[in-house]
Amino acid sequence: MSSLLESCKLMDQSSSALSTVAIASAALSCEAARANLSAFDLTDSGDGSVSKEDIGVSSDIKVLLNGSKLAVSSNKGDDKVNTDSFSKIPVVYGNVREAVKSLHSVIRVVSNSGEKLGGKVLHLCFELRNLGEDSLERVRSNLGSVGVEGLKGIFEKECLSEESLRNGVKLAVEAGLEKDYVKLVKDVELVLRIVWKIVAWEAVSAFFVLEGVEFLNEKTGGKGGEFDGGNVKAEKKKKKKVLLGKGTSVIVEMIKDRLMSKGEGLEKIVEEFLSFLDPKSADFDGLLKKVKEILESNESRRIPKTPKGTRDFAKEQMTIRKKAFSIITKVFERHCATALDTPAFELKETLTGKYGEDSKLIYDLADQGGELCSLRYDLTVPFSRYVAMNGLTSFKRYHIDKVWRRDNPSKGRYREFYQCDFDIAGQYEKMGPDFEVVRILSEVLNALNIGDYEIKLNHRKLLDGVLEICGVPPAKFRTICSSIDKLDKQSFEQVKKEMVEEKGLSVETADKIGTFVKIRGPPLELLSKIMGGTEGSELLKHNASKEALGDLSILFDALYKSRCIDKVVFDLSLARGLDYYTGVIFEAAFKGGVQVGSIGAGGRYDNLIGNFGTKQVPAVGMSLGIERVLTIMEEKAQNQAVRATETQVLVAILGDKLAVAAELVSELWDVDIKAEYKVHKKVMKHIEYAIDSKIPWMVIVGERELNEGIVKLKNIETTTEEAIPRSNLVGELQQRLKLDP
């Protein structure tokens, strides 16, 4: 065990050094290939969908390439290449970092078994293979465009290939299966050595693409030089000097200093280069230290970060959010609801016991004054508390605001997020509010124009009837509902295992539940089939189930007449885990390409308001998963022009006279024209800003215009420009803006 642990420690050190050097080699390749850096524009989305290590790799690449005139962002040129070998760098290299850290954490606990060490080593082996294959692709690309003859031939002698990596991994897997952990580590060390050579060759090939001709000319005194008996020649045409990144230029200079005084002939130079990148060489530590210094100079490592599960919203995102909230509010107000606002936190006793197994996700606040409080988990319970507290018997309201849940962030799932709720409380005709709320959810999703979706619908009393018929004890109804609610993410076999092994149901009971919860289809057709089928005969003998089927019959007829039933699916697996539901329950799911899960849900809760007061006020409501909807809208908007502001006019002052800008822009503000101003000597700076910001009109004022009492009015789209009297500016703009859409 001691020998195995020591070998793992050496592997840990070597792999850690490799992950750093590989970043430097990849950065050089980015410049050699004039790569598009958009793949490295990763930010923490707050929902756990982007790995911290992926973001770290992207940040390191950008630090090394800061200031480069070769590898640039996508908005500076469309001629830059962006192949998979570059776009995969954040994920591939991030996975290696995670694997190295995972191995390191196990090594620190000396008492760990060989099996656990072996598992971490094998995981690292797979990630190293991916890194090696990714790097090898760039080596070949670099050699294809290198300006130095003979370099490719030297590389081919190394016999580095994907096959050599795969063979090494196969040997490691076989050793792992045999539980021969000493051999496993030796096999992975072999893979690690191969990857080291590939990464070193990536640096060599990228260096010769960037500096090869100039370096060889300089080394031979500018004579072009012949090496190894004339077999290898440097091209005589001198390359135009280009500006490398601040980090990569330091690394390149270190390499040139090392090679300038070493060896003659291309093979000797390459040999010396590879030796410099060998972890066993005396000078390697100096190179590694310098690369780490460059990466650690990254200011972004020291800037504040948002808490896990939260995020900031940039101006482009805010534009989309404002538009979405406006659309949703318009639909809610069309249905004659009034707005309501409640505190961000409630007494803990108000929220306790309302959310079933999810109650553990409530954020509790520290006691600051004799009251135990918690951040609100949803908007429904505060609404119910408000209705009861004010003695209301009828209330139709909407509420758009933030809620908080101490959940594990995932794609489209945050700890702080907005909900958009619509609720109807009070006595109405049977199933009337239920119909309207489902219709509202459909209207909102249609108005947001996100694409195809479906609304799954069920009835809690029908589900309770199914559970009773199947033999589930009433005390376990809610916890079994929580398991069934996972069927949209897990197979029935997984849910069955949870119900049997964790919640104590018999296999027979779980299987019988399975025959019911697999039933789904078009509402009217399926309801008719159930009423006349075997399942229906059992359900119709059960009073609660019979009542639920009657409710659904009324609801489905109303939805049919309302022309929105085509989006509804009757699904007996829908359970909705919240404890307070008593009747119809529903959930909307997006069917497009973006995987976001549920995008809206709701149901009837007739007893919740009564929990807070003396009157039982029946209620039904829906909540839109706005963060997930916005994820879909942001994805759709990626290839569309999004205006962050509604600016109509840019007042462009040529010079440095703020007072002139203040006078002109204030006149526009006073008549409700959306305007902003810029003060700069160069007119092209103003025009570029207007184009980038998609501002339709410019008012240009320079020294000449001031002297002549005029301004220039420029239409950005048509590029036409005309002089008008200064005194007519406001009237002219008002007229033209009315003509503009």
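Residues numbered from 1 in each chain as written. Predicted model: local features only at pLDDT ≥ 70, side-chain atom pairs only at ≥ 80, totals over all residues. Heavy atoms only, no water.

Below, the discussion takes up the overall build of the protein chain. Helix and strand content of the protein chain: 27 helices and 18 strands. Its C-alpha atoms put the protein chain at 100 × 90 × 55 Å along the principal axes. Taking all 741 residues of the protein chain together, the buried fraction comes to 51%. The contacts in the protein chain between residues at least 6 apart in sequence include a share of 72% that link residues at least 24 apart. Summing over all exposed atoms, the protein chain offers an accessible surface of approximately 35,300 Å²; the carbon and sulfur share of this is 50%. Side chains of the protein chain carry 108 positive and 111 negative charges; the gap between the two charge centres is 1 Å. (Helix = DSSP H or I, 4+ residues; strand = E, 2+ residues; numbered from the N terminus. Buried < 20%, exposed > 50% of the residue type's maximum accessible area, 1.4 Å probe, protein only. Contact = heavy atoms within 4.5 Å. Areas by Shrake-Rupley, 256 points an atom, 1.4 Å probe, with all protein chains shown as cover. Lys, Arg positive; Asp, Glu negative; His and termini not counted. Charge placed at Lys NZ, Arg CZ, Asp CG, Glu CD.)

This brings us to the packing of aromatic side chains. All told, the structure shown has 15 aromatic pairs when counted by the stated rule. For the ring pair Y355 and Y377, a centre distance of 4.2 Å and an interplane angle of 40° mean the geometry is tilted. Placement of the pair is Y355 in the loop between α13 (348-351) and β5 (373-375) and Y377 in the loop between β5 and α14 (380-389), with a sequence separation of 22 residues. Taken individually, Y355 and Y377 each receive the classification buried, so the pair is uniform in this respect. Between the aromatic rings of Y580 and Y581, the centroid separation amounts to 5.1 Å while the plane-to-plane angle is 70°, which identifies the pairing as edge-to-face. (Phe/Tyr/Trp six-rings, centres within 6.5 Å; stacked < 30°, edge-to-face > 60°.)

Time to look at the environment of Y605. One can find Y605 in the loop between β12 (598-604) and β13 (619-624). Reaching out from Y605, the side chain makes a polar contact with the side chain of D423 at a distance of 2.5 Å. (Polar contact = N/O pair within 3.5 Å; in protein donor to acceptor, adjacent residues only side chain to side chain.)

Tallied over the entire structure, the rule returns 49 salt bridges. E416 serves as the salt-bridge partner of K402, at 3.6 Å between the closest nitrogen and oxygen. Linking K402 in strand β6 (residues 395-404) with E416 in strand β7 (residues 416-425), this pair joins segments that are 14 residues apart in sequence. In this structure, the salt-bridge partner of R726 is E663, at a minimum N-O distance of 3.6 Å. Taken as a pair, R726 in the loop between β18 (721-725) and α27 (729-739) and E663 in helix α24 (residues 658-670) lie far apart in primary sequence, 63 residues in all. Residue classification places R726 among the partly exposed positions, given a relative accessible area of 22%. (Salt bridge = Lys/Arg side-chain N within 4 Å of Asp/Glu carboxyl O.)

With that settled, consider helix α19 (residues 507-517). Buried within α19 are the following residues: T509, A510, I513, G514, F516 and V517. Along α19, the residues classed as buried sweep out an arc of 165° about the axis, all on the same side. (Arc of directions from axis to C-beta.)

The contact between helix α2 (residues 52-64) and helix α4 (residues 89-108) brings their axes to 8 Å, and the two run at 120°. As far as their axial angle goes, α4 and α2 are oblique. Helix-helix and strand crossings are classified by hand; for α2 and α4 the assignment is right-handed. Across the interface between the two elements, E53, D54, G56, V57, S58, D60 and I61 from α2 touch I89, P90, V91, Y93, G94, N95, R97, E98 and K101 from α4. Its residues assigned to classes, the contact of α2 with α4 comprises 6 nonpolar, 4 polar and 6 charged. (Axes fitted to C-alpha atoms, helices over the stretch in contact; angles between N-to-C directions. Parallel < 35°, antiparallel > 145°, perpendicular 65-115°, else oblique. Left-handed = near helix turned anticlockwise from the far one by under 90°. Nonpolar A, V, L, I, M, F, W, Y, C, P; charged D, E, K, R; others polar.)

The subject of this paragraph is the sheet that holds strand β3 (residues 338-339). Reading across the sheet, the 9 strands line up as β3-β6-β7-β13-β12-β11-β8-β10-β9 and stay open at both edges, with mixed pairing between neighbours. Only two strands of the sheet have a single partner each, and these edge strands are β3 and β9 (520-521). As judged from the 3 bridges shared by strand β8 (residues 453-459) and strand β10 (residues 568-571), these two strands associate in the parallel manner. Residue I455 lies in a different strand from β10, and its bridge partner there is V568. Of the strands in this sheet, β6, β7 and β13 are in contact with helix α12 (residues 315-334), which crosses β7 at around 5°. (Pairing = 2+ DSSP bridges.)

It is worth spelling out the pairing of strand β11 (residues 584-590) at this point. Summarising burial for β11: 7 of the 7 residues are buried, a large majority. Neither face of β11 is open: one carries V584, F586, A588 and F590, the other I585, E587 and A589, and all of them are buried. With 7 bridges joining them, β8 and β11 adopt antiparallel strand pairing. Each bridged residue has a counterpart across the sheet, and for E454 the counterpart in β11 is A589. Bridge analysis of β11 against β12 gives 5 bridges, and the strand direction is antiparallel. The partner of A588 across the bridge, within β12, is G600.

In a soluble, globular protein the nonpolar side chains are often hidden away together inside. Counting 96 residues, the largest nonpolar core has I61, Y93, W201, F208, V270 and F273 as its most contacted members. In terms of residue count, helix α8 (residues 181-219) provides more of this core than any other element does, 22 residues in total. Leave out the neighbours within four places in its chain, and Y93 touches A22, I23, A26, V57, L131, D134, S135, R138 and E202. Judged by nonpolar contacts, the second largest core, of 75 residues, contains Y398, V437, F477 and L527. (Core = buried A, V, L, I, M, F, W, Y, C linked by side-chain atoms within 4.5 Å.)

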